[in-house]
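Here are the chains, one letter per residue:
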Amino acid sequence: MTNMSQPQTPEDRRKSIRITDKLEIPSIDTRKYRVIRLHNQLEVLLVHDADTDMASAAMDVNVGDFSDDSDMPGLAHGVEHLLFMGTEKYPEENAYEQYLASHSGSSNAHTDATSTIYYFKIAAKRVEDATTTDTSPLYGALDRFAQFFISPLFLANTLDRELRAVDSEHNRHLRIDGWRLYQLEKSLSNPDHPYCHFPTGNYKKFIEFHKKHYTANRMKLVVLGRESLDELESWVVDLFSGVENKNLEQNRWEDEVPFKPDDLLTQCFMKPVMNLNRLILGFPFIDEELLFESQPSRYISHLIGHEGTPGIFKCTIELTEDGLANYQEIVEVFFEYIALLKESPPASWIFEELKSLAEVEFKFRQKMQASKFTSKIAAVMQTPLLGNGLLVG
């Protein structure tokens, strides 16, 4: 006889699965943690901090400017701005910000290549003159925050202003040398890889983008407050179970690389806004997402210095006026050093030394400010580190 599954009830949809409450934590960490998964596949880290003055929450959505349409740059960034402009439950345009401000709080959001992160902070307890019937400031903030991902209004009359705000951000970035260098690098990359997309920029397109990419199973939520883990879990299940799960695959860009061979061996010169002399050497690099246990770039950066984005390894050298005039010699010395390193295989004693230093740093890591912690860990949750080692990353 065929075993027919029963239809799910509303009660079923408001349940959660406990993944773990035994994370690896620093020895001086007094917070308590729990990782859960809601029925809609939204994964959540709950944090109880009995001593915190500020509560916080952050939602990382696995969609960023890599997902923009090639003929419509800035879609992901535009959606980020428009979500603040009212929801069906709280249609007033600034209801969310006004609520946070009334409880000594604030919010922010930013769009990266592969993620958009939304976060806020708010007073962890009620003000002195609050009545006994007042709910926790954190609960009220979470209620408004959850609606961003359940029923945003995308008010047409706010579109023009928010696009102007996005354009204003872009104009500010034009005066920042790091941003200008970033855009120069992107303009030289493989046009078939989304790394080339321009991240800051018709009404219908924004709604379509949100419907296409925003789904509970691509989201990671972190909530930190004074309340117990059980109470925080109850709130999250109640408020975030309504986020729709479209069962979309995680966004990955593996068919193309940021820089093909024809994009390399390129020398560029940029006149900076500020008074600085800098030499940047960039190289294609492996995607380390699944190499979190060995982290080869940390070994290399220990020897030569490193910064950059996934798939790109960069070494930045600050130059004097003399160095600028003779930068070719510096490049030659750099590659001589690389050749010297390649003469010997990786040294186990260097790896063990770096491992020991990382273990000591983690063991005595100081408590991070609430909103910095939630926004950082929400991003980490998008990586394979999810599990007992979540905080180690």
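Computed from a predicted model, the values in this text were never measured in an experiment.

**Q** Just give me the short version of the overall build of the protein, but keep the residues and values in it.
**A** For the protein, the helix and strand inventory stands at 12 helices and 9 strands. Relative to its 393 residues, the protein shows a buried fraction of 43%. As displayed, the protein offers around 21,700 Å² of accessible surface, 53% of which is attributable to carbon and sulfur atoms.

**Q** So, the pattern of salt bridges: which residues are in play, and what are the values?
**A** Under the counting rule described, the total for this entry stands at 11 salt bridges. The salt bridge partner of Arg226 is Asp53, with a shortest N-O separation of 3.9 Å. According to the relative accessible area criterion, Asp53 is exposed, its value standing at 61%. A salt bridge links Glu361 to Arg365; the nearest nitrogen and oxygen atoms lie 3.0 Å apart. Taken together, the shared-partner salt bridges connect Arg18, Arg34, Asp230 and Glu233 into one network.

**Q** Please give an account of the side chain of Thr87 that cites residues and values.
**A** Take Thr87: it is sitting in the loop between helix H1 (75-82) and helix H2 (95-102). If near-sequence neighbours (up to four positions away) are discounted, Thr87 is found in contact with Gln147, Phe148, Ser151, Pro152 and Leu153.

**Q** An account of the packing of aromatic side chains is needed here, citing residue identities and associated values.
**A** In this structure the tally under the stated criterion is 19 aromatic pairs. Note on Tyr118 and Phe149: the rings are 5.4 Å apart at their centroids and 80 degrees apart in plane angle, and the pair reads as edge-to-face. Here the residue Tyr118 occupies a position in strand S6 (residues 116-123), and Phe149 occupies one in the loop between helix H3 (137-147) and helix H4 (156-173), the gap between them amounting to 31 residues. No difference in accessibility class separates Tyr118 from Phe149, as the two residues are buried. A centroid spacing of 6.1 Å and a plane angle of 15 degrees characterise the contact between Phe283 and Phe334, whose relative ring orientation is stacked.

**Q** For empty space enclosed by the protein, give the residues involved together with the corresponding values.
**A** Approximately 50 Å³ is the volume found for the largest cavity. For the largest cavity, the full set of lining residues is Phe84, Met85, Gly86, Thr87, Tyr90, Glu92, Glu93, Ala95, Tyr96, Arg144 and Phe148. Grouping the amino acids of the lining of the largest cavity by side-chain chemistry returns 6 nonpolar, 2 polar and 3 charged.

**Q** If you had to explain the packing of H2 against H3 to someone new, which residues and values would you point to?
**A** Interaxial distance between H2 and H3 falls to 10 Å at its minimum, and their mutual angle equals 165 degrees. When the axis of H2 is compared with that of H3, the two are roughly antiparallel. Viewed along their axes, H2 and H3 form a crossing whose handedness is left-handed. Here Ala95, Tyr96, Tyr99 and Leu100 of H2 lie close against H3, whose contacting residues are Pro137, Gly140, Ala141, Arg144 and Phe145.

**Q** Residues and numbers for helix H12 (residues 370-380), please.
**A** Since the α-helix turns once every 3.6 residues, residues separated by three or four places project in the same direction. When you tally the buried positions in H12, you get 8 out of 11 residues, the bulk of the element. The set of residues buried in H12 consists of Ala370, Ser371, Phe373, Thr374, Ser375, Ile377, Ala378 and Val380. Where H12 is buried, its residues touch strand S2 (32-38), strand S3 (43-48), strand S4 (54-61), S6 and strand S7 (219-225).

**Q** Mind laying out unusual backbone geometry, listing which residues take part and the relevant values?
**A** Residues other than glycine seldom take positive phi values, yet Asn247 does so here, at roughly 50 degrees. Mapped onto the secondary structure, Asn247 falls in the loop between helix H7 (229-240) and strand S8 (278-284). Given the relative accessible area of 59%, Asn247 is considered exposed. Residues other than glycine seldom take positive phi values, yet Leu265 does so here, at roughly 55 degrees. With respect to the secondary-structure elements, Leu265 resides in the loop between H7 and S8. Take Leu265: its relative accessible area is 93%, and that puts it in the exposed class.

**Q** Any chance you could break down the sheet that holds S6 for me, citing the residues and the numbers?
**A** On the basis of which strands lie adjacent, the open sheet formed by 7 strands has the order S1-S2-S3-S7-S4-S6-S5 and mixed pairing. Two strands close off the open sheet at either side, each with one partner strand: strand S1 (16-20) and strand S5 (106-111). Along the sheet, successive strands turn relative to each other by an average axial angle of 15 degrees, direction set aside. Across 6 bridges, S2 lies against S3 in antiparallel orientation. Bridged to Arg34 within S3 is Leu46. This element, H1, spans S5 and S6 of the sheet and lies at about 165 degrees to S5. Strands in contact with H2 are S5 and S6; relative to S6, the strand with the most contacts, it is inclined by about 35 degrees.

**Q** Requested: an account of a nonpolar patch on the surface, with residues and values cited.
**A** On the surface, a cluster of nonpolar side chains totalling about 280 Å² of accessible area is made up of Ile28, Val360 and Phe364. Secondary-structure assignment places Ile28 in the loop between S1 and S2. In this structure Ile28 comes out as partly exposed when scored by relative accessible area, which is 43%.

Criteria and cut-off values
Residues numbered from 1 in each chain as written. Predicted model: local features only at pLDDT ≥ 70, side-chain atom pairs only at ≥ 80, totals over all residues. Heavy atoms only, no water. Helix = DSSP H or I, 4+ residues; strand = E, 2+ residues; numbered from the N terminus. Buried < 20%, exposed > 50% of the residue type's maximum accessible area, 1.4 Å probe, protein only. Areas by Shrake-Rupley, 256 points an atom, 1.4 Å probe, with all protein chains shown as cover. Salt bridge = Lys/Arg side-chain N within 4 Å of Asp/Glu carboxyl O. Contact = heavy atoms within 4.5 Å. Phe/Tyr/Trp six-rings, centres within 6.5 Å; stacked < 30°, edge-to-face > 60°. 1 Å grid on protein atoms, 1.4 Å probe; cavity = no way out; pocket = protein on both sides within 12 Å on 5 of 7 lines; lining within 4 Å. Points joined across faces, edges and corners; volume = space filled by probe spheres on them. Nonpolar A, V, L, I, M, F, W, Y, C, P; charged D, E, K, R; others polar. Axes fitted to C-alpha atoms, helices over the stretch in contact; angles between N-to-C directions. Parallel < 35°, antiparallel > 145°, perpendicular 65-115°, else oblique. Left-handed = near helix turned anticlockwise from the far one by under 90°. Pairing = 2+ DSSP bridges. Patch = residues over 30% accessible without salt bridge, like charges linked within 9 Å, V, L, I, M, F, W, Y side chains within 5 Å.

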